[in-house]
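Tertiary structure, described
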Amino acid sequence: LDVAAGAPVAGVVVPRSAILTGENGLSSVFVKLGAERFASRPVRVEPLDATRVVLLSGVRVGERVVTAGGSLLAQVR
């Protein structure tokens, strides 16, 4: 079975659960900086499939993105 694939996209693949939408409608994620230290980063997102998205900007390859519990981190600020 052959499946047609789209053009390659450069970015970081994360679960949709990692994406937070602010009151202003912009998308962001939390990135781990160190032990118990996290920073919110605005990101540009493109859907990949039903459960994952591609972060086109805002996060570099190799950075650790919070995939669960980001909304709890947002409450602590």
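What you see as residue numbers is a count from 1 along each chain, following the sequence as written. In view of the model being predicted, local features appear only for residues whose pLDDT reaches at least 70, and side-chain atom pairs are presented and counted only at 80 or more, with totals across whole chains, interfaces and linings using the full set of residues. With hydrogens and water stripped out, all remaining heavy atoms of the structure feed into the side-chain values.

A short note on the nonpolar core
When a protein is soluble and globular, its nonpolar side chains tend to lie buried together. Nine residue types can take part in a nonpolar core, namely buried Ala, Val, Leu, Ile, Met, Phe, Trp, Tyr and Cys, and a core is a set of them joined through side-chain atoms within 4.5 Å. Using a 1.4 Å probe on the protein chains alone, a residue whose accessible area is under 20% of its type maximum counts as buried, one over 50% counts as exposed, and one in between counts as partly exposed. Membership of the largest hydrophobic core is limited to 11 residues, which are Val-12, Val-14, Ala-18, Ile-19, Val-29, Val-31, Val-43, Val-53, Leu-55, Val-59 and Val-65. Any two residues having at least one pair of non-hydrogen atoms within 4.5 Å are treated as being in contact. When near neighbours in sequence (up to four residues on either side) are disregarded, Ala-18 contacts Ser-28, Val-29, Val-65, Val-66 and Thr-67.

Describing the pattern of salt bridges
Every case where a carboxyl oxygen of Asp or Glu lies within 4 Å of a side-chain nitrogen of Lys or Arg is listed as a salt bridge. Going through the model one piece at a time under the given rule, you end up with three salt bridges. Between Glu-63 and Arg-41 there is a salt bridge, and its shortest N-O distance comes to 2.9 Å. Of this pair, Glu-63 sits in the loop between β6 (52-57) and α1 (70-76) while Arg-41 sits in strand β4 (residues 37-42), placing them 22 residues apart in sequence. In this structure, Arg-60 and Glu-63 form a salt bridge, with 3.3 Å as the shortest nitrogen-oxygen distance. What counts as a helix is a DSSP run of H or I of at least four residues, what counts as a strand is a run of E of at least two, and both are numbered from the N terminus.

Here's the deal with unusual backbone geometry
Backbone geometry places Glu-36, a non-glycine residue, at a positive phi of 55°. As for its position among the elements, Glu-36 is in the loop between β3 (27-34) and β4.

Any functional reading would require information that these geometric values do not contain.
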